[in-house]
Amino acid sequence: MFELHGRDGLASSEVPPSNSRAIPRWFRGILVLAIIYLFLVGVSSLESGIKVMGADTQERLFSSVSNPIVGLFIGVVGTVLVQSSSASTSLIVGLVASGALGLDQAVPMIMGANIGTTVTNTLVSLGHVRQSQEFRRALSAATVHDFFNLMAVTILLPFELLTGRISWLASRTAEILTGSGGSEWKSPIKAWVKHPVGWLKDGLKQASLEDTSLGISMVVIGIIVVVVSLIAVTKNMKALIAERLEASMNRVLGRGGGLVAMVIGMLITISVQSSSITTSILIPMAAAGVISLRNIYPVTLGANVGTTITALLAALAASGSDALTIALVHTWFNVLGIVVLYGIPFLRPLPIRCAELLAELAVRRRSLAVGWVVSVFVIIPLLVIAIFR
Amino acid sequence: MVLSFFKKGESPLDRISHETVLMLGDARHSFDLASTALLAGADASAVSSDIRATDDRINAAEQRLRSELVVHIAVNGGDDIGVVMGYTLLLKKIERIGDQAKNILDLAEDGISLSGAPDIEEFLTRRQTISQMYVDAADILVSLDVDSARQFLDRSMEMNRECEQKIHDYMRSDEPGHWAVPRAVLHRYWKRIVANLAGIVTSAIEPIQSLDYTDNGSTDIVDD
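Residues numbered from 1 in each chain as written. Chains lettered and ligands numbered in written order. Predicted model: local features only at pLDDT ≥ 70, side-chain atom pairs only at ≥ 80, totals over all residues.

A. Quick peek at the overall build of chain B. In terms of regular secondary structure, chain B is built from six helices and zero strands. Listing the helices and strands of chain B from first to last along the sequence gives α-α-α-α-α-α. Evaluated residue by residue, chain B yields a buried proportion of 40% over its 224 residues. Considering only contacts within chain B whose residues lie at least 6 apart along the sequence, 78% involve residues at least 24 apart. (Helix = DSSP H or I, 4+ residues; strand = E, 2+ residues; numbered from the N terminus. Buried ≥ 20, exposed ≤ 12 C-beta atoms within 10 Å, placed from the backbone. Contact = placed C-beta atoms within 7 Å.)

B. Local environment of the overall build of chain A. The secondary structure content of chain A amounts to 18 helices and zero strands. What you see for chain A is a C-alpha radius of gyration of 22 Å, in line with the 21 Å of a compact globule of 389 residues. Projected onto its principal axes, the C-alpha positions of chain A cover 60 × 55 × 40 Å. Once local pairs closer than 6 in sequence are excluded, the contacts in chain A between residues at least 24 apart make up 83%. (Rg over C-alpha atoms; globule rule 2.2 N^0.38 Å.)

C. Seen up close, the environment of B:Y87. All names here are of chain B. Considering the arrangement of structural elements, one finds Y87 in helix α3 (residues 81–109). Put simply, Y87 and C163 are 76 residues apart on the chain and 28 Å apart in space, counted from C-alpha to C-alpha. Ignoring sequence-local partners within four residues, the contact set of Y87 consists of I16 and L69.

D. Spotlight on the nonpolar core. Membership of the largest hydrophobic core comes to 173 residues, with the highest contact counts inside it found for A:V93 and B:A137. Setting aside residues no more than four positions away along its own chain, A:V93 makes contact with A:V43, A:A311, A:A314, A:A315, A:A318, A:A323, A:I326 and A:A327. (Core = buried A, V, L, I, M, F, W, Y, C linked by C-beta atoms within 7 Å.)

E. Quick peek at the confidence of the model for chain B. Here chain B shows a mean pLDDT of 87. Residues at 70 or above account for 88%. Predicted complex metrics record ipTM = 0.75 and pTM = 0.82. (pLDDT = per-residue confidence, 0-100.)

F. Structural view of helix α6 (residues 103–116) of chain A. Taking 1.5 Å per residue, 14 residues should reach 20 Å; α6(A) reaches 20 Å between its end C-alpha atoms and fits that length. Taken together, the buried positions of α6(A) are A:Q105, A:A106, A:V107, A:P108, A:M109, A:I110, A:M111, A:G112, A:A113, A:N114, A:I115 and A:G116. (Expected span 1.5 Å × (residues − 1).)

G. Geometry of the environment of B:S148. All names here are of chain B. Tracing the sequence through the fold places S148 in helix α5 (residues 146–171). The spatial distance from the C-alpha of S148 to the C-alpha of R127 is 21 Å, given a sequence separation of 21 residues. In this structure, S148 is in contact with I140 and S143, ignoring residues within four places of it in sequence.

H. Local environment of the packing of α6(A) against helix α16 (residues 320–342) of chain A. Residues and elements named next belong to chain A. Put simply, α6 and α16 touch, their axes get as near as 10 Å, and they point 40° apart. What the angle tells us is that α6 and α16 run oblique. Of the two possible hands of crossing, α6 and α16 adopt the one that is right-handed. Contacts from L103, A106, V107, I110, M111 and N114 in α6 reach D322, T325, I326, V329, H330, F333 and N334 in α16. (Axes fitted to C-alpha atoms, helices over the stretch in contact; angles between N-to-C directions. Parallel < 35°, antiparallel > 145°, perpendicular 65-115°, else oblique. Left-handed = near helix turned anticlockwise from the far one by under 90°.)

I. Up close: helix α2 (residues 44–76) of chain B. A rise of 1.5 Å per residue sets the reference length of α2(B), with its 33 residues, at 48 Å; its end C-alpha atoms lie 46 Å apart and thus fit the reference within 8%. Downstream of α2(B) by one or two residues, B:G77 has phi in the positive range, about 75°.

J. Quick look at the confidence of the model for chain A. Here chain A averages 86 in pLDDT, while 91% of its residues score no lower than 70. Considering only residues more than four positions removed or in separate chains, one finds that residues 1–20 of chain A, a stretch of pLDDT under 50, has 30 contacts.

K. Local environment of the packing of helix α1 (residues 12–39) of chain B against α2(B). Residues and elements named next belong to chain B. Following both chains from N to C, one finds α1 and α2 inclined at 160°, their axes separated by 9 Å at the closest point. In terms of orientation, α1 and α2 fall into the roughly antiparallel class. The handedness of the crossing between α1 and α2 comes out as left-handed. Within the contact of α1 with α2, the residues separate by chemical class into 15 nonpolar, five polar and six charged. (Nonpolar A, V, L, I, M, F, W, Y, C, P; charged D, E, K, R; others polar.)

L. Summary view of unusual backbone geometry. Look at A:Q83: it is not a glycine, yet its phi comes out positive at around 55°. Of note, A:Q83 is situated in the loop between α4 (68–82) and α5 (85–98). With a phi angle near 55°, B:L144 is a residue other than glycine that sits in the positive phi range. In this fold, B:L144 is placed in the loop between α4 (120–143) and α5.

Structure, rendered in structure tokens:
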């Protein structure tokens with residue numbers, strides 16, 4: 001209601017609307033669909049580019065990730081670089097679809113992406129570093145996500161390496177969803193994106209690019225299109241559902257945590273295609289003290305599951321059932337993480353306690369927070385990759 | 001509850017605006033009850049629990065709406081920061097008005113009753129005018145009509161001048177203290193209430209940086 005006079009004392013009709021609000025909702029909806037199409041074209045371009053490169057180049061590029069620990073940390077670093085697990089997991093789906101990356105190699109990378117995505121809200125929490133109490137609440141709210149995902153990987157990666165049950169579960173689910181038992185599955189979406197990728201390939205060929213250079217160009221363009229289109233989808237979807245998002249967060253505040261908060265976290269993340277958006281919105285709320293760490297926790301877990309929708313979407317534009325399987329590995333990994341760490345009562349408070357302890361220590365020594373981010377998300381992953389590859 | 005995510009509802013800021021008007025309605029309810037106890041001889045203990053329950057409701061609403069304003073900024077960024085800060089001030093003013101109704105009740109609970117006093121008609125008229133000002137303030141919050149707001153502010157200044165004059169007169173009255181003091185205190189509370197109502201209306205038409213301040217930089221609410 002205060003828009004009446006605005007910040008310069010102007011009547012609202014005199015204040016020019018900001019760009020983000022000037023776009024009609026129906027147009028923004030169409031824009032989102034167009035950008036999603038572009039995203040699918042990007043995934044398909046990546047897949048085609050890898051295939052064009054040839055087996056030798058593929059072998060040189062991806063031989064190092066045969067070590068699951070290296071794969072895990074490449075997933076972490078790759079996601080930290082693009083600041084989006086949606087982008088990194090979609091790229092992994094494209095690589096699996098191209099055949100350059102096997103399912104076994106991709107599973108640890110997917111898990112690493114889950115760790116890497118938590119860096120965004122942790123960085124957001126560092127913005128509150130000047131006020132001790134705010135910083136304590138913000139950092140614990142952010143790192144509960146870090147600790148949950150680290151613990152989930154600590155438990156589920158060895159379980160997967162020893163038993164292969166997560167990829168088995170994903171594979172069976174893919175079979176049920178596609179109604180087929182092997183790589184003969186053809187996604188209907190794949191046919192829709194075939195032509196733009198063909199035009200891109202022809203255009204690059206006319207620019208005298210061939211074999212490896214053509215493949216690399218298609219991969220680079222594919223990566224750029226995937227990352228940029230995901231940023232654009234997230235921005236537009238956030239604007240489209242801002243009111244519902246806000247109302248949902250208010251419901252979480254009013255009713256507390258639990259399964260409802262988890263489902264709300266999942267729905268918000270599915271809508272905006274980014275767990276970072278969901279979890280980062282929680283940080284200023286936590287810093288201001290309007291939402292408790294215990295209520296944030298389930299929203300974060302819901303966001304973990306919700307973010308897997310993007311890889312599933314990417315799998316629709318990719319060839320073969322392996323792409324869908326690896327996307328489902330992402331989903332199952334997060335669901336099983338919740339079942340184990342949230343479902344078992346004595347494990348449930350562990351991420352909260354670790355987050356509170358880290359925040360307590362970081363309030364006394366602020367450099368610890370920066371050290372946590374730099375070491376967990378950059379130095380340790382790079383060191384492990386350097387040593388083990 | 002989860003399914004409501006898919007339903008289009010009232011926009012969060014509209015909802016906060018709606019709740020603010022309800023809070024103002026609650027504050028008026030408390031004011032009317034407390035005034036009835038003091039001016040019409042109603043049993044103070046009988047209305048006390050209602051006034052205190054209403055005050056608790058106003059306080060709870062203020063806290064809830066503050067949280068929702070934080071959520072609004074967290075979701076939408078800084079675009080609406082002026083609106084949010086304006087609401088924060090406005091909510092505090094409504095909460096204060098609720099407290100001031102309790103102050104009037106305190107007078108009645110102390111055994112003061114102006115019922116049957118020779119000057120009761122003047123009190124009842126002023127009380128009725130202030131009670132109507134709650135309604136007018138709420139209407140202005142909904143309509144955002146600048147002309148109505150200006151008229152309201154003129155009326156509130158006039159009312160405050162009258163209260164100030166009455167306080168001045170009571171302070172210098174030859175009547176005994178038990179006669180003059182409750183009257184002076186009541187006018188003091190009324191003056192505060194009217195000043196806060198004016199502050200609420202000002203919130204709707206003034207930019208955030210000049211709320212509660214006059215053009216020369218001094219505060220325009222001398223009395224809260």
